[in-house]
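Okay, here's what each chain looks like letter by letter:
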Amino acid sequence: MQLTWLAADDPFPSSALALGPDSDAPGLLAAGGDLSPARLLAAYRQGVFPWYGPGQPVLWWTTDPRMVLPVDGFRLHRSLRKTLQRFIRTAGCEVRIDADTPAVIRACAASPREGQPGTWIVPDMVLAYERLHRLGHVHSVETWVDGALAGGLYGVNIGRMFYGESMFARRTDASKIALAALVAFCRANGIPLVDCQQQTSHLASLGARPIPRDAFEAHLDRVVDLPAPARWAYDPTYWAHLGLAESGAPLAQPAP
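Only a predicted model underlies this, so the values are computations on that prediction, with no experimental measurement involved. (Residues numbered from 1 in each chain as written. Predicted model: local features only at pLDDT ≥ 70, side-chain atom pairs only at ≥ 80, totals over all residues. Heavy atoms only, no water.)

A.B. asks: An account of unusual backbone geometry is requested, with residue identities and associated values reported.
C.D. replies: Looking along the chain, the bond that leaves D64 and enters P65 is cis, with omega of 5°. With respect to the secondary-structure elements, P65 resides in the loop between β4 (59-61) and β5 (66-70). In the Ramachandran plot, D98 falls in the positive-phi region, its phi being about 65° despite a non-glycine side chain. Positive phi, close to 65°, is recorded for Q197, a residue that is not glycine. With respect to the secondary-structure elements, Q197 resides in strand β10 (residues 193-197). A relative accessible area of 7% means that Q197 is categorised as buried. (Helix = DSSP H or I, 4+ residues; strand = E, 2+ residues; numbered from the N terminus. Buried < 20%, exposed > 50% of the residue type's maximum accessible area, 1.4 Å probe, protein only.)

Shown next as structure tokens:
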């Protein structure tokens, strides 16, 4: 199957034209185009995301199956529950949303990845997501300790959908705390699914699972035109959506 090369105003082809599982790049849909806000938003609405390295053209992917985290299926294991309880009751520890999104994006871009010589978040990608943040479509969930950014994650929001992009940690479990806070925020604001893009054993251990691409696209059709959350800020009462009180006292039994 021949790869589609996008000119400036070309729409994305059907996901059915993506390279299949027997190819060298399963899920690769198209190459070229740009990282303008309009192009990126059109991509995410269709379940397409950019992923490429230095010296490569922009490459657009739509994986099948698609790894997603249903927020109602998030597995709060005993160890993470204890970490969250300790975090919640410790002075100087807090979760913030969009306090310093550019710093989160750049920290993710600078974070080493196991088995990779570099990062997929090339400088043009950093600038593109910073532009989307200024337009209100990219948000970060951040773990702060004693006034310093300790870890976090960022992703794209359209309607009632959150597309996770990357995370980083400068202190133990800081990115896990941010992910748990994202799940709590999504539960509180009617976002049922977080896109994880790629399959990893770590995400699977937290409740993420692969679903067929057509099921993922059908979900997008239902949620991307709904109103987005009006306020992107973290309210400590959101911890109750994970069975945690603001004081850190458990309200529900932990997962084994």
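A.B. asks: Help me get a handle on the pattern of salt bridges, residues and values and all.
C.D. replies: Pairing of side chains with opposite charge becomes possible as their charged atoms draw close. Across all of its chains, the model carries 5 salt bridges by this definition. Between R45 and D225 there is a salt bridge; the shortest N-O distance is 2.4 Å. Of this pair, R45 sits in helix α1 (residues 37-45) while D225 sits in the segment after α7 (213-223), placing them 180 residues apart in sequence. The exposure class assigned to R45 is partly exposed, which follows from its relative accessible area of 35%. We note a salt bridge from R96 to E94, for which the minimum N-O separation is 2.8 Å. Overall, the relative accessible area of 26% leaves R96 in the partly exposed class. (Salt bridge = Lys/Arg side-chain N within 4 Å of Asp/Glu carboxyl O.)

A.B. asks: Just give me the short version of the environment of P210, but keep the residues and values in it.
C.D. replies: Examined against the element boundaries, P210 turns out to sit in strand β11 (residues 209-211). Since its relative accessible area comes to 40%, P210 is described here as partly exposed. Sequence separation between P210 and A188 is 22 residues, and the spatial gap between their C-alpha atoms is 24 Å.

A.B. asks: Requested: an account of α7, with residues and values cited.
C.D. replies: Listing the buried residues of α7 in full gives R213, F216, H219, L220 and V223. An end-on view of α7 places all buried positions within 120° of arc, on one side of the element. Relative to its buried face, α7 has exposed residues pointing more than 90 degrees away, namely D214, D221 and R222. Considering only its buried residues, α7 is in contact with α1, β5, β8 (148-158), β9 (161-169), β10 and β11. (Arc of directions from axis to C-beta. Contact = heavy atoms within 4.5 Å.)

These figures come from the coordinates and say nothing about function on their own.
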